[in-house]
Amino acid sequence: WALSLSQTYATSDTPLLETGVQTAQAAYGTSISAARQLGSRLSLELGVDQFFRIADQFDTVKTWSAFSGLNYQFIPQFGMGVSLSGGYNDVSTGSSMPFESISGTMNFRPGQKLTLVLSGGAEDLQFVDPSAPPLITPIFSGTLQYRLFPDTTISLAGSRSVNPSYFGNQVIVATSVGGSIQQRLSQKLSISLGAGYSSEPLTSIEAGPLPQYFLGTPPTSTLVEVRQDSSSSFGVGLSYNIVPRGSVSVFYSVSENASSQSNFKYSSTQYGFTLSYSF
């Protein structure tokens, strides 16, 4: 058995797209996992997680979850797996949300140039007090990295997830895609270009007519999309290695958000620099 334990803490006070205002929050995360090789090709993974998100003037969300997965490495360059997970979102205002999900995974590394990791499945999210029809949503995540030339690397990433919103009785389904190109211009100088797009509709529990079909106890509310946001971004950066372990970089980025509610629309231009040193 290989065991691992992690504890994280983060605090921030920044403007958020979802809330539209300066939002102070703190996040605590605890994760315990175990992995065991069941043979030369088959492996087992188990884990439990706890995550607390506490935001001033908005919902506090406490999440407990567990997962299990089996992975089979057919050859060193290719493997597949399946995982099951479930948990409970305790929301301070409005409906709490138990959930279950199933997903399949694939990893493909044919050589030093290409790395591809994919995961896809579905999540079933339920609502209690007030109740509503379950929200069944496709979920996925994926990353691709390809070294086109010795000094050129292309990266692509995409994901879709379902999370409780900062507002009571609402969930946000976030879908994002993005890519970047990193080009080394010399031994010390490199340039990077990146672009991304995301769609984040908010679904709310609203009183309304019963759906035509449902399972279990007839729900007293229905699910309604109350807001649709979509954002796009582009950025460019230059990095220069001053010394073997230190570098300086400058960046420029632009982003824009479109929303079905006009007070959440915005455009942003940012530029700055970073200094880094490793030891």
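In case you missed it, the structure is sitting above this.
Residues numbered from 1 in each chain as written. Predicted model: local features only at pLDDT ≥ 70, side-chain atom pairs only at ≥ 80, totals over all residues. Heavy atoms only, no water.

Draft legend 1. Fine view of the nonpolar core. In terms of nonpolar packing, the biggest core is built from 12 residues, these being V91, M97, F99, L125, F127, A132, L135, I139, V162, V171, V173 and I205. For this core, the elements supplying multiple residues, two or more each, are β6 (97–108), β7 (114–127), β8 (132–149) and β10 (170–184). Apart from residues lying up to four places away in sequence, V171 is in contact with M97, L125, F127, L135, N163, P164, S165, P201, L202 and T203. (Core = buried A, V, L, I, M, F, W, Y, C linked by side-chain atoms within 4.5 Å. Buried < 20%, exposed > 50% of the residue type's maximum accessible area, 1.4 Å probe, protein only. Helix = DSSP H or I, 4+ residues; strand = E, 2+ residues; numbered from the N terminus. Contact = heavy atoms within 4.5 Å.)

Draft legend 2. Representation of the pairing of strand β2 (residues 22–37). Across 14 bridges, the pairing between strand β1 (residues 2–15) and β2 is antiparallel. By the bridge assignment, D13 is partnered in β2 with A24. Remark: six residues form the turn of the hairpin made by β1 and β2, two consecutive strands paired antiparallel; G20 in that turn has positive phi of roughly 75°. Bridge analysis of β2 against strand β3 (residues 42–55) gives 13 bridges, and the strand direction is antiparallel. (Pairing = 2+ DSSP bridges.)

Draft legend 3. A nonpolar patch on the surface, seen in detail. Where nonpolar side chains cluster on the molecular surface, the patch consists of L185, L238, Y240, I242, V243, V250, F273, L275, Y277 and F279 and spans about 1100 Å² of accessible area. Listing elements by their share of the nonpolar patch, those giving two or more residues are β12 (221–243) and β14 (266–277). Ranked by residue count, the leading element in the nonpolar patch is β12, at four residues. Considering the arrangement of structural elements, one finds Y277 in strand β14. Residue classification places Y277 among the exposed positions, given a relative accessible area of 55%. (Patch = residues over 30% accessible without salt bridge, like charges linked within 9 Å, V, L, I, M, F, W, Y side chains within 5 Å. Areas by Shrake-Rupley, 256 points an atom, 1.4 Å probe, with all protein chains shown as cover. Salt bridge = Lys/Arg side-chain N within 4 Å of Asp/Glu carboxyl O.)

Draft legend 4. Examining the layout of surface pockets more closely. There is about 740 Å³ of room inside the largest pocket. Contributing to the lining of the largest pocket are 33 residues, with F99, E123, S161, V162 and N163 lying nearest its centre. Elements supplying a minimum of two residues to the lining of the largest pocket: β3, β4 (61–75), β5 (78–91), β6, β7, β8, β9 (152–164) and β10. Classifying every residue of the lining of the largest pocket gives 14 nonpolar, 13 polar and six charged. Around the second largest pocket, the lining is made up of 17 residues, and of these Q182, Q183, S190, I191 and S192 lie nearest the centre. Those elements giving two or more residues to the lining of the second largest pocket turn out to be β10, β11 (189–207), β12 and β13 (246–259). Grouping the amino acids of the lining of the second largest pocket by side-chain chemistry returns five nonpolar, nine polar and three charged. (1 Å grid on protein atoms, 1.4 Å probe; cavity = no way out; pocket = protein on both sides within 12 Å on 5 of 7 lines; lining within 4 Å. Points joined across faces, edges and corners; volume = space filled by probe spheres on them. Nonpolar A, V, L, I, M, F, W, Y, C, P; charged D, E, K, R; others polar.)

Draft legend 5. Focus on unusual backbone geometry. A cis amide bond links D129 to the next residue, P130, at an omega of 0°. Structurally, the position occupied by P130 is in the loop between β7 and β8. Despite not being glycine, D129 has its phi angle at roughly 55°, a positive value. For D129, the position within the fold is in the loop between β7 and β8. The class of D129 is exposed, set by a relative accessible area of 67%.

Draft legend 6. Geometry of the environment of G81. The topology assignment puts G81 in strand β5. When its relative accessible area of 17% is taken as the criterion, G81 is described as buried. A sequence separation of 12 residues divides G81 from G69, and the C-alpha atoms of the two residues are 7.0 Å apart. Residue contacts for G81: discarding those within four places in its chain leaves L70, N71, S103, G104 and T105.

Draft legend 7. How the structure looks around the packing of aromatic side chains. Taken as a whole, this structure holds eight aromatic pairs when the rule is applied. With 5.6 Å between their ring centres and 85° between their planes, F58 and F167 make a pair best called edge-to-face. Of this pair, F58 sits in the loop between β3 and β4 while F167 sits in the loop between β9 and β10, and the two are 109 residues apart along the sequence. A residue is classified by how much of its surface remains accessible, and F58, at 18% relative accessible area, is buried. Taking 4.8 Å as the distance between ring centres and 70° as the angle between the ring planes, the aromatic pair formed by Y72 and F74 counts as edge-to-face. Of the residues examined, Y72 reaches a relative accessible area of 33% and is grouped as partly exposed. Against the face of F52 rests K62, its NZ or CZ located 5.4 Å from the ring centre. The ring centre of F264 lies 3.5 Å from the NZ or CZ of R227, which sits over that ring. (Phe/Tyr/Trp six-rings, centres within 6.5 Å; stacked < 30°, edge-to-face > 60°. Lys NZ or Arg CZ within 6 Å of the ring centre and 35° of its normal.)

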